[in-house]
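For reference, the chains in residue letters:
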Amino acid sequence: MAQPIYLDYNGTTPHALEVIEAMRPFLEQEFGNPSSSHWYGIAPKQAVEKARRQVAGLLNCRPEEIVFTSGGTESNNHAIKGIAQSRRELGKHIITSNIEHPAVLEVCRALAEDGVKTTYVPVDRDGLVDPAEVEKAIRPGTILISIMHSNNEVGTLQPITEISTIARRHGITMHTDAAQSVGKVEVDVRALGIDLLSVAGHKLYAPKGVGALYIRQGVQPAKFCHGAGQERGWRAGTENVLEIVGLGKACEIAKRDLDGHISHMRNLRDRLHRGLLETLGNGVALNGHLEKRLPNTLSLAFRGLAANRILEEIGLEIAASPGAACHSDMVTISHVLEAMGIDREWAMGTLRFSVGRMTTADQIERAITVVTAAIRKLRG
Ligand SMILES: Cc1ncc(COP(=O)(O)O)c(C=O)c1O
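About the cut-offs
Residues numbered from 1 in each chain as written. Predicted model: local features only at pLDDT ≥ 70, side-chain atom pairs only at ≥ 80, totals over all residues. Near = placed C-beta within 6 Å. Nonpolar A, V, L, I, M, F, W, Y, C, P; charged D, E, K, R; others polar. Buried ≥ 20, exposed ≤ 12 C-beta atoms within 10 Å, placed from the backbone. Helix = DSSP H or I, 4+ residues; strand = E, 2+ residues; numbered from the N terminus. Arc of directions from axis to C-beta. Pairing = 2+ DSSP bridges. Contact = placed C-beta atoms within 7 Å. Domains from an automatic or database assignment. Axes fitted to C-alpha atoms, helices over the stretch in contact; angles between N-to-C directions.

Visitor: Even after reading the chapter, I still don't get the site of the ligand, so can you show me in this structure?
Guide: Inspection of the region around the ligand gives 13 residues, with Gly71, Gly72, Thr73, Asn152 and Ala200 positioned closest. In terms of residue class, the shell around the ligand is made up of four nonpolar, eight polar and one charged.

Visitor: What is the right way to look at helix H9 (residues 307–314) in this model?
Guide: Helical geometry note: an α-helix holds 3.6 residues per turn, so side chains three or four residues apart project in the same direction. By the burial criterion, the buried members of H9 are Ala307, Ile310 and Ile314. Considered in projection along H9, the buried side chains sweep an arc of 65° and stay on one side of the axis.

Visitor: It is not clear to me how the sheet that holds strand E10 (residues 297–302) should be interpreted in this structure. Could you clarify?
Guide: Backbone hydrogen bonds are what pair the strands of a sheet, in a parallel or an antiparallel way. Strand order in the open sheet made by the four strands is E9-E10-E15-E12, with antiparallel pairing throughout. Strands with a single pairing partner mark the edges of an open sheet, and in this sheet they are strand E9 (284–287) and strand E12 (321–322). For E9 and E10, the ladder comprises four bridges, and the chain directions are antiparallel. Residue pairing for E10: Val284 is matched across the bridge by Phe302.

Visitor: Help me understand the environment of Leu213, please; the structure alone is not making it clear to me.
Guide: Position of Leu213 among the secondary structure elements: in strand E8 (residues 211–215). The spacing of Leu213 and Leu197 is 16 residues in sequence and 5.7 Å in space, taken between C-alpha atoms. Ignoring anything within four residues of it in the chain, the contact list for Leu213 reads Val67, Thr69, Ser75, His78, Ala79, Leu196 and Ser198.

Visitor: Help me understand the environment of Gln230, please; the structure alone is not making it clear to me.
Guide: With respect to the secondary-structure elements, Gln230 resides in the loop between E8 and helix H8 (241–280). Exposure remark for Gln230: the 19 C-beta atoms within 10 Å place this residue in the partly exposed category. When the C-alpha positions of Gln230 and Pro34 are compared, they lie 9.3 Å apart, and in sequence the two are 196 residues distant. Sequence-distant contacts of Gln230, defined by excluding residues within four places in its chain, comprise Ser35, Arg235, Ala236, Gly237, Thr238 and Glu239.

Visitor: Sorry, what's going on with the domain arrangement of the protein chain here?
Guide: Interfaces are often described in size by the accessible area the parts lose on coming together. Domains assigned within the protein chain are domain 1 (5–12 + 257–379) and domain 2 (17–254). Centre-to-centre separation of domain 1 and domain 2, based on C-alpha positions: 28 Å. Taken together, the contacts link 23 residues of domain 1 with 26 residues of domain 2. Of all the elements in the fold, those that place two or more residues in the side of domain 1 that touches domain 2 are H8, E10 and helix H10 (335–339).

Visitor: Mind showing me how you'd approach the sheet that holds strand E2 (residues 66–69) here?
Guide: Strand order in the open sheet formed by seven strands is E2-E8-E7-E6-E5-E3-E4, with mixed pairing between adjacent strands. On the outer flanks of this sheet lie E2 and strand E4 (117–121), each paired with one strand and no other. Mean inter-strand twist for the sheet, computed between neighbouring axes without regard to direction, equals 20°. Relative to strand E5 (residues 142–146), strand E3 (residues 93–97) runs parallel, the two sharing four bridges. Within E5, the position partnered with Thr96 by the bridge is Ser146. Of the strands in this sheet, E2, strand E7 (196–200) and E8 touch helix H2 (residues 39–59), which is tilted by about 115° from E2.

Structure representation (C-alpha cells):
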C-alpha cells in the first residue's frame with residue numbers, strides 16, 4: 001500500500017539528502033571524540049566547529065554565540081531556567097504568552113515551585129501577541145520575556161523585534177522559541193534584537209535530538225548541564241557529533257535555498273487552501289493570521305465536525321495533525337485555539353496541514369480530493 005501523503009512538516013521533517021551525505025562519514029568512519037588531543041579527535045572537532053559556523057551563518061551571529069543542545073525543548077529549558085537562576089537576585093518574574101509550546105509553558109510552571117511567577121499575555125483572534133500587552137505586564141522584578149517566533153499550530157509570526165525593543169528599554173532579557181521558524185522564514189538574531197533563541201534540528205530536515213541555543217555575547221544564563229567543559233562550559237557532555245554535523249548542513253541549505261523554499265511552500269499551501277475553499281465553500285475557516293504566518297502552515301477549522309473523525313476518514317491517504325483531541329466523547333481543544341477564542345464548534349474540527357520542501361503539486365491536488373470527499377461524507 002502507498003504511504004499517506006505527508007502534510008505534517010511542523011511535526012517533523014524527513015532528513016535532507018545532503019544532510020544524510022554530510023553525516024555519513026561520522027556514522028561510518030569518524031568516530032573520534034572532539035575533545036581528544038590525538039589524531040582521531042581532529043576531524044570531529046573541526047566538523048563541530050564548521051557546523052557552529054553554519055548555524056551562526058543562518059542566524060547572523062558569531063559562532064561563539066551558538067551552543068549545541070538536544071533540541072528545541074532543551075534550548076527552551078536552558079534559556080528560561082538559566083536566566084531565572086542567573087538573574088534571581090534581580091527578580092522572579094517572567095512574561096510569556098498563552099500560546100507557547102509546552103516546552104516553554106511547562107518550564108514556567110515548574111519554575112513556580114521556586115517562587116518564580118509568570119504572566120501569560122493573551123493573543124488576539126489571529127494568534128498575535130500585542131507588544132503593548134507585554135509592556136503592560138512588566139513590573140519590578142521582571143527578568144525575562146519569552147515569546148515564540150512563530151506558533152507551531154497556526155503559524156502566526158509574532159512581532160519579536162517590537163517586543164525585544166521593549167525588553168531592552170526595561171533591561172529585561174529576551175528569549176524567543178524559533179523552533180518552527182528556522183528554515184521556513186528568515187531568522188536574523190541581530191535584526192530581531194534578542195538575547196536568546198531556540199532552534200530544533202528536526203524541523204529543518206536535520207535529525208531529531210539535536211538543536212541549538214543562540215546566546216548573545218555577554219548574556220549569562222546559568223549552565224544547563226554540569227560536567228566536563230564541552231561547549232565552552234555551557235553544556236557538558238561529549239558532543240553529538242553526527243547530528244551536529246547534520247544540523248550544520250541543514251542550516252547551510254536553509255540559508256542557501258530559503259527564497260526558493262518559501263515560494264514552493266507558500267504556493268502549495270495556498271493552493272490547498274483555495275482548493276478546499278472552492279470545493280467545500282461555507283463551513284471552512286482559517287485559524288491564524290492570513291499574512292503574518294509561516295509560509296507552510298494551514299490550520300483549517302471545519303465547522304461542526306470532530307478532528308479525529310476527519311483524520312480517521314483521510315488517515316490512509318493523508319498524514320495531518322488535529323487541533324483538538326477526542327477521548328471517550330470528551331473533546332479537548334488545543335490551548336492555542338482556546339487562547340485565540342476560536343468557537344468550540346469550529347475549534348473541535350480543526351486540522352493542521354503543514355507542507356514542506358518535498359511536497360509536490362500532485363500531492364496537493366490529491367489532498368484536496370481526499371479531504372473534500374471526507375468532509376462531504378461527514379457532513380452527510
Ligand atoms: C514551537 C516549538 N517549540 C519547541 C518544540 C520542541 O522541540 P524538540 O522537539 O526539538 O524538543 C517544538 C516541537 O514541536 C515546537 O513546535
